[in-house]
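Below, each chain spelled out in residue letters.
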Amino acid sequence: MRNGASIPRLGRAALPIIAVAVFTLTLVATLSVAGRTLGFDFLAYHQAAARLLAGQPLYDMAYTGTGGFGLFYYPPTFAPFILALGLLPPAIATWVWIGLSIVGFLLGVALLPVTRPIRWWILLLAGLSWPFVYAVKLGQVGPVLFLAFAIGWRWLDRPAAVGASIAVGAAIKLQPALLFGWALLTRRWATVILGLVILAAIAVVATALAGIGSWADFLTLVRTVSDPITTPHNFTPGAVAFQLGVGPGVAGLIQIASTVAVGSIVVVAAFRATGEASYLAAIVASQLVSPVLWDHYAMLLLIPISYLLAAGRWWAIVIPLATSLPLVGVIPPVVYPMVFWATILAVVAVGTRARSRATMLPA
C-alpha cells in the first residue's frame, strides 16, 4: 500500500520537472533550427514600425493576399506597442520580441486561476503544442493575447482589469473586441465603459503616430487580403471545406453558418453558463469567427483547456494533443476547426451545468 500510494506523489513531484524540461527543450530545438522563418511575422511588425519612424505610411498597400513575408495588417492601435522595437536592428528586435513573448506566456500561465498542478500541465501541453511553438518561432502575438486573456479571467470580477485586457487585445488584434459583446450580454457595464475608454485612448495615440489616413489604409488592406474561403493554409470551417473540394459558394455558406452558430453559442453561454465559462467561450469564439484562422491561433485554447481540467474533464488533454508536434504533417486540416468547436462546446456544457447546480443549492 505504501509503495502504491507513493506513485501519485512521485508523479506530482516529477510533473514540474517534466513540464519545464519539455517546454525548454522544445523551444530551444525549434528556435535553433528556425533559420529564415525565425520571427517571420514579427519582422512585418518591425518593418511597419521602421516605416513609421522614418515618416512613411504604416502600411504597405502592395499586398493582394495574406501569408506573404512583410505583410502587416494589424490595426493602427498596434503601432504604439511595437514602435520602440523599430529602433533596434531586425535580428536583435526579433530576439527581444521572442523573449518578451515567452515571458508573457509564462506570466499568463502563472496567472491562470487554477491549481498549481494544472498550471504545470498547461506548461507541458504548451511544450508539446505545435501551435504554441510555431507562434513563438514566427514571433506572433498569440502569447501576448494569452497573457491578456489570462489577466481578464484571473480578475473577472474587476471591471478595470477585464476592460483593460479586452482593450489591449482589441488594440493588438481586432478579434478580441468580440469580448465587449460578451461584457454587454452579461451586463458588465463598467467593464465596457472602461475598456472602450482605454481603447479610445490607444486609438488617439495611434492616430497621432500613424495619421488618420492609416485607418482607411488598414480597412482597405484587410478587405483585400482576408478571404475566409480561398486563402491558402487557412483553417476556417469554410476554407477547410473548400480545400476538401466543396465549391466556393457552398464553402462560403458553411463559413457563414459556422459564424452564426458561434455567435449563438456565445449568447446562450452569457445567459445560461457561469461568468467564467461564458468569458472563455467568448475567447474561443473570437478566434473561430476570424476570416483567417491560422493553425497557431489554437495555442489560445490552452486557456479554456485549463478550465476543463480544473473541472475534472481530463479527457480535454486530447484537444491540444491533437495538434501536437509529433502529429505535424499527419493530421488533416479539418482537425483545427474541430478542436475549436470541441473546446467551445465543452466549456459551455461544463459552465451551464455548474450554473445549474449553483442555482439548485439552498440559499
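Details of the structure are given in the entry above.
Owing to the predicted nature of the structure, the values given are computational and were not obtained by experimental measurement.

Here's the deal with the overall build of the protein
Scanning the protein from N- to C-terminus turns up 17 helices and 0 strands. Taken over C-alpha atoms, the radius of gyration comes to 21 Å for the protein, in line with the 21 Å a tight globule of 363 residues would show. Taken along its principal axes, the extent of the C-alpha atoms in the protein is 70 × 45 × 45 Å. Buried residues in the protein amount to 50% of all 363 residues. Summarising the internal contacts of the protein: among those between residues at least 6 apart in sequence, 76% fall at separations of at least 24. Across the protein, the mean location of the 19 positive side-chain charges is 19 Å away from that of the 7 negative side-chain charges.

What about the packing of aromatic side chains?
Across all of its chains, the model carries 21 aromatic pairs by this definition. Between the aromatic rings of Trp 182 and Tyr 279, the centroid separation amounts to 5.2 Å while the plane-to-plane angle is 65°, which identifies the pairing as edge-to-face. Of this pair, Trp 182 sits in helix 9 (residues 178-185) while Tyr 279 sits in helix 14 (residues 275-288), and the two are 97 residues apart along the sequence. A relative accessible area of 0% means that Trp 182 is categorised as buried.

Digging into helix 5 (residues 116-128)
Its 13 residues give helix 5 an end-to-end C-alpha distance of 19 Å, which sits within 8% of 18 Å, the value for a rise of 1.5 Å per residue. Those residues of helix 5 that sit buried are Ile 118, Ile 122, Leu 123, Leu 124, Leu 125, Ala 126 and Gly 127.

Details of unusual backbone geometry
Most peptide bonds are trans, and most residues other than glycine sit at a negative phi. Phi angles above zero are rare outside glycine, and Arg 187 is one such case at about 60°. Position of Arg 187 among the secondary structure elements: in the loop between helix 9 and helix 10 (189-210). With a phi close to 65°, His 233 is a non-glycine residue in the positive phi region. As for its position among the elements, His 233 is in the loop between helix 11 (213-225) and helix 12 (237-243).

A short note on empty space enclosed by the protein
This model, assessed by the stated rule, comprises 2 cavities of 30 Å³ or more. Size it by volume and the largest cavity reaches roughly 60 Å³. What lines the largest cavity is Ser 129, Pro 131, Ala 298, Leu 301, Leu 302, Ile 305, Ile 319, Pro 320 and Thr 323. At the level of secondary structure, the elements contributing two or more residues to the lining of the largest cavity comprise helix 15 (302-310) and helix 16 (318-321). Its residues placed into classes, the lining of the largest cavity shows 7 nonpolar, 2 polar and no charged. In this model, the second largest cavity occupies a volume close to 40 Å³. Lining of the second largest cavity is provided by Gln 140, Gly 142, Leu 145, Lys 173, Gln 287, His 296, Tyr 297, Met 299 and Leu 300. Within the lining of the second largest cavity, the residues separate by chemical class into 4 nonpolar, 4 polar and 1 charged.

Focus on the packing of helix 2 (residues 42-53) against helix 4 (residues 90-111)
Axis separation between helix 2 and helix 4 bottoms out at 10 Å; the angle between their running directions is 120°. In this view, helix 2 runs oblique relative to helix 4, as classed from their interaxial angle. By crossing handedness, the relation of helix 2 to helix 4 is classed as right-handed. The segment helix 2 lies against helix 4, with Phe 42, Leu 43, Tyr 45 and His 46 engaging Pro 90, Ala 93, Thr 94 and Trp 97. Tallied by class, the residues present in the contact of helix 2 with helix 4 amount to 6 nonpolar, 2 polar and no charged.

Remarks on a nonpolar patch on the surface
A cluster of nonpolar side chains, namely Leu 88, Ile 92, Val 96 and Leu 100, defines an oily patch on the protein surface of about 320 Å² accessible area. Within the secondary structure, Val 96 is located in helix 4. Since its relative accessible area comes to 33%, Val 96 is described here as partly exposed.

Observations regarding the nonpolar core
Counting 110 residues, the largest nonpolar core has Phe 72 and Phe 105 as the members making the most contacts within it. Examining the composition of this core, we find that 10 residues originate from one element, helix 17 (residues 335-360), more than from any other.

Considerations on the layout of surface pockets
In this approach the atoms are scanned with a rolling probe the size of a water molecule, which exposes any empty space left behind. Estimates place the volume of the second largest pocket at around 280 Å³. The wall of the second largest pocket is formed by 14 residues, among which Phe 81, Val 144, Leu 147, Val 168 and Ile 172 lie closest to the centre. Mapped by element, the contributors of at least two residues to the lining of the second largest pocket are helix 4, helix 7 (142-154) and helix 8 (159-172). The residue makeup of the lining of the second largest pocket, split by class, is 11 nonpolar, 3 polar and no charged.

What to know about the packing of helix 7 against helix 14
Where helix 7 contacts helix 14, the two axes come as close as 10 Å, and the packing angle between them is 160°. Taken as axis vectors, helix 7 and helix 14 run roughly antiparallel relative to one another. In the crossing of helix 7 with helix 14, the sense of the turn from one axis to the other is right-handed. Between helix 7 and helix 14, the residues in contact are Ala 148, Phe 149, Gly 152 and Trp 153 and Glu 276, Tyr 279, Leu 280, Ile 283, Ser 286 and Gln 287, respectively. Split into classes, the residues belonging to the contact of helix 7 with helix 14 amount to 6 nonpolar, 3 polar and 1 charged.

Rules and cut-offs
- Residues numbered from 1 in each chain as written.
- Predicted model: local features only at pLDDT ≥ 70, side-chain atom pairs only at ≥ 80, totals over all residues.
- Heavy atoms only, no water.
- Helix = DSSP H or I, 4+ residues; strand = E, 2+ residues; numbered from the N terminus.
- Rg over C-alpha atoms; globule rule 2.2 N^0.38 Å.
- Buried < 20%, exposed > 50% of the residue type's maximum accessible area, 1.4 Å probe, protein only.
- Contact = heavy atoms within 4.5 Å.
- Lys, Arg positive; Asp, Glu negative; His and termini not counted.
- Charge placed at Lys NZ, Arg CZ, Asp CG, Glu CD.
- Phe/Tyr/Trp six-rings, centres within 6.5 Å; stacked < 30°, edge-to-face > 60°.
- Expected span 1.5 Å × (residues − 1).
- 1 Å grid on protein atoms, 1.4 Å probe; cavity = no way out; pocket = protein on both sides within 12 Å on 5 of 7 lines; lining within 4 Å.
- Points joined across faces, edges and corners; volume = space filled by probe spheres on them.
- Nonpolar A, V, L, I, M, F, W, Y, C, P; charged D, E, K, R; others polar.
- Axes fitted to C-alpha atoms, helices over the stretch in contact; angles between N-to-C directions.
- Parallel < 35°, antiparallel > 145°, perpendicular 65-115°, else oblique.
- Left-handed = near helix turned anticlockwise from the far one by under 90°.
- Patch = residues over 30% accessible without salt bridge, like charges linked within 9 Å, V, L, I, M, F, W, Y side chains within 5 Å.
- Areas by Shrake-Rupley, 256 points an atom, 1.4 Å probe, with all protein chains shown as cover.
- Salt bridge = Lys/Arg side-chain N within 4 Å of Asp/Glu carboxyl O.
- Core = buried A, V, L, I, M, F, W, Y, C linked by side-chain atoms within 4.5 Å.

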